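# Understanding the architecture of this molecule
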Amino acid sequence: MDNKYKIPYINACIRAFAKRFSLSGQSAFEYLYNFKGIHFLVEFYEIKHLQSTMILYHGTNVDFDVIDLIKSNKYKDFGQGFYLTDIRSQAEELATKNPIFLAVIDSVK
């Protein structure tokens, strides 16, 4: 696999993270580095960068039909939002009782 785009891809991910959370590039890098985000991007570059489909999970103990950000807690780690993960076990841990999973398939094409 040709990795000539790996560094530009990782840089783009860091810049996108910085922009999304109003951080400097340095702060975004440090956060991602400290919480193993850079390691994840490097280790799974071929899988994450080149895949066309991603399954995401939202762990909750509340049944819902529509995502309503008004009902989300604005004091969460990254502010008010609808949090997703690609790690099923992480979603299971977040759903403390009667877990309900929402699998979202996002086409990246």
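These remarks concern the structure in this document. (Residues numbered from 1 in each chain as written. Predicted model: local features only at pLDDT ≥ 70, side-chain atom pairs only at ≥ 80, totals over all residues. Heavy atoms only, no water.)

### Here's the deal with the overall build of the protein chain
Regarding its fold elements, the protein chain presents five helices and two strands. Seen in sequence order, the protein chain has helices and strands lined up from the N terminus as α-α-α-α-β-α-β. For the protein chain, the proportion of its 109 residues judged to be buried stands at 22%. Sequence separation of 24 or more characterises 69% of the internal contacts of the protein chain that already satisfy a separation of 6 or more. (Helix = DSSP H or I, 4+ residues; strand = E, 2+ residues; numbered from the N terminus. Buried < 20%, exposed > 50% of the residue type's maximum accessible area, 1.4 Å probe, protein only. Contact = heavy atoms within 4.5 Å.)

### Regarding the nonpolar core
Counting ten residues, the largest nonpolar core consists of Tyr9, Ile10, Ile14, Phe17, Ala18, Ala28, Leu32, Ile38, Leu41 and Tyr45. At five residues, helix H1 (residues 6-20) tops the list of elements feeding residues into this core. (Core = buried A, V, L, I, M, F, W, Y, C linked by side-chain atoms within 4.5 Å.)

### Considering the packing of aromatic side chains
For the coordinates displayed, the defined rule picks out six aromatic pairs. Between Tyr31 and Phe35, the aromatic rings sit 4.7 Å apart at their centres with planes inclined by 35°, giving tilted as the arrangement. The exposure class assigned to Phe35 is exposed, which follows from its relative accessible area of 58%. One aromatic cluster in this structure is built from Phe17, Phe21, Tyr31 and Phe35. (Phe/Tyr/Trp six-rings, centres within 6.5 Å; stacked < 30°, edge-to-face > 60°.)

### Digging into the environment of Ala16
Residue placement: Ala16 occurs in helix H1. With a relative accessible area of 47%, Ala16 lands in the partly exposed category.

### Observations concerning a nonpolar patch on the surface
Together, Tyr31, Phe35, Phe78 and Tyr83 make up an exposed nonpolar region whose accessible area comes to about 380 Å². In this fold, Tyr83 is placed in the loop between strand E1 (53-60) and helix H5 (88-94). The exposure class assigned to Tyr83 is partly exposed, which follows from its relative accessible area of 31%. (Patch = residues over 30% accessible without salt bridge, like charges linked within 9 Å, V, L, I, M, F, W, Y side chains within 5 Å. Areas by Shrake-Rupley, 256 points an atom, 1.4 Å probe, with all protein chains shown as cover. Salt bridge = Lys/Arg side-chain N within 4 Å of Asp/Glu carboxyl O.)

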